[in-house]
Amino acid sequence: MATYILRRLIQSIPIIIGISVISFAIVYLTPGSPVDKFRTPRVSPATIQNLIHLYGLDQPLPLQFWNWFTHFWSFPWDNTAWGYSFTDGLPVRDRIFQRIPSTLLLMGTSLLVTVVLAIPIGILQAVKQYSWADKVITTFETIGYAMPTFWLGLILKQLLAVQFKVLPLYGQNTLGKQGDIADMALHLVLPVTTLAIISVAGWSRYMRAAMLEVLRQDYVRTARAKGLGPGRVIGRHALRNAMIPIVTLLGLTVPGLLSGAAITETVFSWPGLGWLGVQSVTERDYPVVLAVVMIGGTMVIIGNLLADIAYAIVDPRIHY
Amino acid sequence: MARSDAPRPIAAVAGAPGGGFDEVDLVPVQTYWQLVRRRFFQNRMAVIALFLMAALILSAIIFPIIGGDSWFRTDLLKGPKDPVSLTAPLGYDNLGINIFFRLMKALRTSLIIGFFAVLIIAGIGTAFGSISGYAGGLLDNVLMRIVDIVLSLPGFFLVLMLVAFLGSGSVLVIIFAIGLTGWTTAARLVRAEFLRLREADFVQAAKALGASDRRIIIRHMVPSAIAPVVVAATLGIADSVVTEAALSYLGFGLRPPEASLGNMLTGAQDYFYRQPLWIYYPGIMLILLVLAASFLGDGLRDALDPRQRIEA
């Protein structure tokens with residue numbers, strides 16, 4: 001197991017270098033330069049040249065990449081590792097770390113809601129396959145799965161915040177109520193509902209399929225034949241095995257916990273990493289964009305690794 | 001979807017009745033494509049999806065022609081308060097633009113972007129996957145690590161970056177951005193298919209006859225490996241259409257006066273209070289498109305390759 005993890009870690013190094021090269025290339029090879037916004041009549045060309053020199057933009061591209069890449073990973077102890085934001089001049093690392101709690105709160109809550117709802121729904125559907133409940137739920141799942149996140153967010157906002165005025169329209173806190181937990185919980189309801197509806201639709205389908213697969217197995221029939229009650233057969237024998245693919249799914253969701261949900265956060269102006277990413281793309285705040293992409297990519301790699309490890313832990317048949 | 005299991009035409013080849021073993025008359029009853037068509041039309045959801053998709057495509061062609069320039073022509077004498085009529089089934093917006101024709105124009109944009117993006121996805125995916133699967137060894141390893149890298153990058157955010165930095169507001173850039181980031185699944189599918197086909201008899205025969213690698217790949221293997229690509233491409237239309245709508249909604253894609261389902265939603269957002277219905281029109285269009293594409297894709301998968309059928 002330890003050697004497997006080590007091997008996987010070594011294998012992910014080229015992938016991390018790869019995502020760095022691609023994100024760096026997209027940001028630096030596209031038209032426009034970071035100093036463009038200083039090119040006004042009031043700034044002398046000499047100053048621009050100084051800026052270019054200061055930011056190292058006159059160095060060869062591979063060297064620029066190397067400097068950036070090596071500096072990037074010193075972030076745990078160096079708060080300038082990710083550079084300074086072009087919009088407010090603050091260290092990028094601080095801007096990003098400031099957003100992480102919000103994203104964790106939003107994504108964690110919606111993941112919790114999703115798991116709590118989707119697993120029982122999936123089990124119910126599998127146990128009562130082809131019943132009217134299964135059919136009705138499947139229909140809702142199909143529609144839920146087809147709904148674009150941002151549109152679902154919009155109609156929920158329209159219905160609950162505008163029409164019936166029971167929930168706040170956007171943001172994390174009402175102005176002047178920072179730190180008020182009850183107020184924040186109210187603000188959390190709409191974005192969490194949006195994310196949860198979409199992911200419950202997907203997850204319960206997985207759960208249903210996994211459960212159906214298990215219910216067909218011989219050991220489930222054996223358990224029934226030896227006279228166990230339905231609760232024990234499903235709870236002890238079927239569910240534990242049906243959870244294996246779900247654990248993998250959970251591992252694949254972990255990256256989203258940090259990188260956030262760009263679209264949902266933007267729709268609800270939720271001050272998380274996803275919204276920060278969208279904002280910085282709009283403002284062409286390259287250092288922030290780069291950091292957000294790098295975090296997203298690295299989290300995906302970690303998530304995949306976690307999924308594989310979790311898979312081996314919950315499924316004793318798998319050895320590495 | 002186990003209900004259509006009853007009349008399963010498994011026997012593509014039937015022995016002549018009554019004949020002895022040594023005089024079996026091998027009559028091809030149905031060709032592969034006949035079987036595919038039959039399986040497809042037995043699937044109720046797939047047929048409904050086919051009709052829905054056809055209806056959407058037809059509306060996207062016909063209504064913009066009928067409407068002429070009414071999808072962007074403003075009319076200060078008309079507004080949301082005007083009653084709906086046959087010429088304006090969904091009424092007029094705040095600028096006096098005919099909402100129905102604007103919606104149809106937006107639908108057309110979505111479909112164009114969806115189809116062309118998927119074409120790029122299928123093209124890159126097939127090329128990448130076939131080379132990787134055919135070559136094997138080190139090249140395969142390197143190419144697949146590239147797929148891993150692209151898969152690790154946050155997808156929507158990557159599209160957002162490409163579109164924003166290469167020039168938002170252009171249909172071409174959007175198609176290019178979606179196509180360039182979405183080909184990984186297709187590549188993996190084609191590679192898997194090629195790994196399987198590489199050892200197939202007809203490929204070995206072609207090799208023995210001295211066909212060049214290029215000829216073997218293009219003439220012999222790609223046609224046999226195309227089924228999963230067609231399925232992935234059909235399913236990909238749904239993703240591409242939603243991605244475009246999200247881009248335009250966030251202000252990175254098409255901007256007014258260009259019509260897009262996404263920017264219609266952005267516009268409708270300002271009329272949350274007075275015209276709540278306006279956010280439903282583009283949204284329902286999107287859902288219909290997504291449903292049509294996904295059921296069509298599922299139906300094609302079941303029809304093209306019954307072995308892949310999943311009981312779910």
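The structure presented is a predicted model; accordingly, all values stated were derived computationally and were not measured.

## A short note on the overall build of chain B
Working step 1: A tally of regular secondary structure across chain B gives 11 helices and 2 strands.
Working step 2: In sequence order, chain B lays out its α and β elements as β-β-α-α-α-α-α-α-α-α-α-α-α.
Working step 3: Considering chain B as a whole, with its 312 residues, one finds that 48% of them fall into the buried category.
Working step 4: Expressed as a percentage of contacts within chain B between residues at least 6 apart in sequence, the contacts between residues at least 24 apart total 69%.
Working step 5: For chain B, the exposed area adds up to about 15300 Å²; of that, 66% sits on carbon and sulfur atoms.

## Some words on the overall build of chain A
Working step 1: When helices and strands are tallied, chain A shows 12 helices and 0 strands.
Working step 2: Mapped from its N terminus to its C terminus, chain A presents α and β elements in the order α-α-α-α-α-α-α-α-α-α-α-α.
Working step 3: A principal-axis box enclosing the C-alpha atoms of chain A has dimensions of 85 × 55 × 35 Å.
Working step 4: A total of 320 residues make up chain A; the buried ones form 48% of that total.
Working step 5: Partitioning the intrachain contacts of chain A with sequence separation of at least 6 by distance along the chain shows that 68% fall at a separation of at least 24.
Working step 6: As displayed, chain A has an accessible area near 16000 Å², and 67% of this comes from carbon and sulfur atoms.

## Some points on the interface of chain A and chain B
Working step 1: Of the residues lining the interface, 45 residues belong to chain A; the matching set on chain B comes to 40 residues.
Working step 2: Summed over both sides, the interface between chain A and chain B buries roughly 3700 Å², with carbon and sulfur atoms accounting for 83% of that surface.
Working step 3: Across the chain A-chain B interface, the total number found is 0 salt bridges.
Working step 4: Applying the counting rule to chain A against chain B returns 3 residue pairs in polar contact (both at pLDDT 80 or more).
Working step 5: Elements represented by at least two residues in the side of chain A that touches chain B include exactly α1 (2–29), α5 (132–146), α6 (149–163), α7 (181–215), α10 (262–267), α11 (273–282) and α12 (286–314) of chain A.
Working step 6: The residue inventory of the side of chain A that touches chain B, partitioned by class, reads 30 nonpolar, 11 polar and 4 charged.

## Some remarks on the environment of Val292 of chain A
Working step 1: You can see Val292 of chain A is positioned in helix α12.
Working step 2: Taking the C-alpha atoms as reference, Val292 of chain A lies 26 Å from Ile309 of chain A; in sequence the two are 17 residues apart.
Working step 3: Excluding its chain neighbours within four sequence positions, the residues that come into contact with Val292 of chain A are Ile96, Leu273 and Gly277 of chain A together with Phe157 of chain B.

## Some remarks on the domain arrangement of chain A
How big an interface is tends to be expressed through the accessible area that disappears when the partners come together.
Residues and elements named next belong to chain A.
Working step 1: Taken domain by domain, chain A comprises domain 1 (2–72) and domain 2 (92–314).
Working step 2: Taken over C-alpha atoms, the centre of domain 1 sits 33 Å from the centre of domain 2.
Working step 3: With 18 residues of domain 1 at the contact, the number on the domain 2 side is 14 residues.
Working step 4: Residues Asp308 and Arg8 are paired through a salt bridge, measuring 2.3 Å at the closest nitrogen-oxygen approach.
Working step 5: Taken together, domain 1 and domain 2 are joined by 2 residue pairs in polar contact (both at pLDDT 80 or more).
Working step 6: Within the residue set of the side of domain 1 that touches domain 2, elements represented by two or more residues are α1 and α3 (61–72).
Working step 7: For the side of domain 1 that touches domain 2, the element with the most residues is α1, which contributes 13 residues.
Working step 8: Classifying every residue of the side of domain 1 that touches domain 2 by side-chain character gives 13 nonpolar, 4 polar and 1 charged.

## A few points about the pattern of salt bridges
All names here are of chain A.
Working step 1: Applying the stated rule across the entire model yields 13 salt bridges over all chains.
Working step 2: Linking Arg95 and Asp88 is a salt bridge whose minimum nitrogen-to-oxygen distance equals 3.6 Å.
Working step 3: Notably, a salt bridge pairs Glu213 with Arg216, separated by 3.3 Å at the nearest N-O pair.
Working step 4: Judged by its relative accessible area of 42%, Glu213 falls in the partly exposed class.

## Observations concerning unusual backbone geometry
Working step 1: A cis amide bond, omega 10 degrees, links Pro256 of chain B with the succeeding residue Pro257 of chain B.
Working step 2: Here Pro257 of chain B lies in the loop between α9 (213–249) and α10 (261–269).
Working step 3: The phi dihedral of Ser269 of chain A falls on the positive side, at around 45 degrees, and the residue is not glycine.
Working step 4: With respect to the secondary-structure elements, Ser269 of chain A resides in the loop between α10 and α11.
Working step 5: Although it is not a glycine, Arg284 of chain A adopts a positive phi angle of roughly 50 degrees.

## Considering the nonpolar core
Working step 1: In terms of nonpolar packing, the biggest core is built from 118 residues, with Ile96, Phe150 and Val281 of chain A together with Met161, Phe165 and Phe252 of chain B touching the most fellow members.
Working step 2: Examining the composition of this core, we find that 14 residues originate from one element, helix α11 (residues 280–304) of chain B, more than from any other.
Working step 3: Mapped onto the domain boundaries, this core takes at least three residues apiece from domain 1 (2–72) and domain 2 (92–314) of chain A.
Working step 4: The contacts of Met161 of chain B, once residues within four sequence positions are left out, are Ser23, Ile26, Val27, Val281, Val289 and Val293 of chain A together with Leu166 of chain B.

## Concerning the packing of aromatic side chains
Residues and elements named next belong to chain A.
Working step 1: Here the structure, examined in full by the defined rule, presents 21 aromatic pairs over all chains.
Working step 2: Relative to Phe65, the ring of Phe24 lies with its centre 5.2 Å away and its plane at 75 degrees, an arrangement referred to as edge-to-face. Taken together, the residues span a long stretch of sequence, with Phe24 in helix α1 and Phe65 in helix α3 at a distance of 41 residues.
Working step 3: With relative accessibility at 5%, the residue Phe24 sits in the buried group.
Working step 4: The class for Phe65 is buried, based on a relative accessible area of 14%.
Working step 5: Between Phe72 and Trp73, the ring centres sit 5.2 Å apart and the planes meet at 75 degrees, which makes this aromatic pair edge-to-face.
Working step 6: Judged by its relative accessible area of 29%, Trp73 falls in the partly exposed class.
Working step 7: Connected via pairs of aromatic rings, a cluster forms that spans Phe24, Phe65, Trp66, Trp68, Phe69, Phe72, Trp73, Phe75, Trp82 and Phe97.

## Focus: the confidence of the model for chain A
Working step 1: Looking at chain A, the pLDDT average stands at 85 and 98% of residues meet or exceed 70.
Working step 2: Ranking the elements of chain A by mean pLDDT puts helix α9 (residues 230–259) of chain A last, at 81, and helix α4 (residues 92–127) of chain A first, at 91.

## A few points about the side chain of Thr194 of chain A
Residues and elements named next belong to chain A.
Working step 1: Tracing the backbone shows Thr194 in helix α7.
Working step 2: Within polar-contact distance, the side chain of Thr194 engages the backbone oxygen of Leu190 at 2.8 Å.
Working step 3: Not counting chain neighbours up to four residues away, the residues in contact with Thr194 comprise Thr149, Leu152, Gly153, Leu156, Thr264 and Phe268.

## Some thoughts on the packing of helix α3 (residues 99–135) of chain B against helix α6 (residues 171–181) of chain B
Residues and elements named next belong to chain B.
Working step 1: Between α3 and α6, the least distance of the axes is 8 Å, while the angle of their chain directions is 40 degrees. It follows that α3 is oblique to α6 by the angle criterion. The way α3 lies across α6 gives a crossing that is right-handed. Residue-level inspection shows Ile112, Ile113, Phe116, Ala117, Ile120, Ile121 and Ile124 of α3 in contact with α6, the latter providing Val171, Ile174, Ile175, Phe176, Ile178, Gly179 and Leu180.
Working step 2: For the contact of α3 with α6, the class distribution of residues is 13 nonpolar, 1 polar and no charged.

Quick notes on the rules
- Residues numbered from 1 in each chain as written.
- Chains lettered and ligands numbered in written order.
- Predicted model: local features only at pLDDT ≥ 70, side-chain atom pairs only at ≥ 80, totals over all residues.
- Heavy atoms only, no water.
- Helix = DSSP H or I, 4+ residues; strand = E, 2+ residues; numbered from the N terminus.
- Buried < 20%, exposed > 50% of the residue type's maximum accessible area, 1.4 Å probe, protein only.
- Contact = heavy atoms within 4.5 Å.
- Areas by Shrake-Rupley, 256 points an atom, 1.4 Å probe, with all protein chains shown as cover.
- Buried area = accessible area lost by both parts, 1.4 Å probe.
- Salt bridge = Lys/Arg side-chain N within 4 Å of Asp/Glu carboxyl O.
- Polar contact = N/O pair within 3.5 Å; in protein donor to acceptor, adjacent residues only side chain to side chain.
- Nonpolar A, V, L, I, M, F, W, Y, C, P; charged D, E, K, R; others polar.
- Domains from an automatic or database assignment.
- Core = buried A, V, L, I, M, F, W, Y, C linked by side-chain atoms within 4.5 Å.
- Phe/Tyr/Trp six-rings, centres within 6.5 Å; stacked < 30°, edge-to-face > 60°.
- pLDDT = per-residue confidence, 0-100.
- Axes fitted to C-alpha atoms, helices over the stretch in contact; angles between N-to-C directions.
- Parallel < 35°, antiparallel > 145°, perpendicular 65-115°, else oblique.
- Left-handed = near helix turned anticlockwise from the far one by under 90°.

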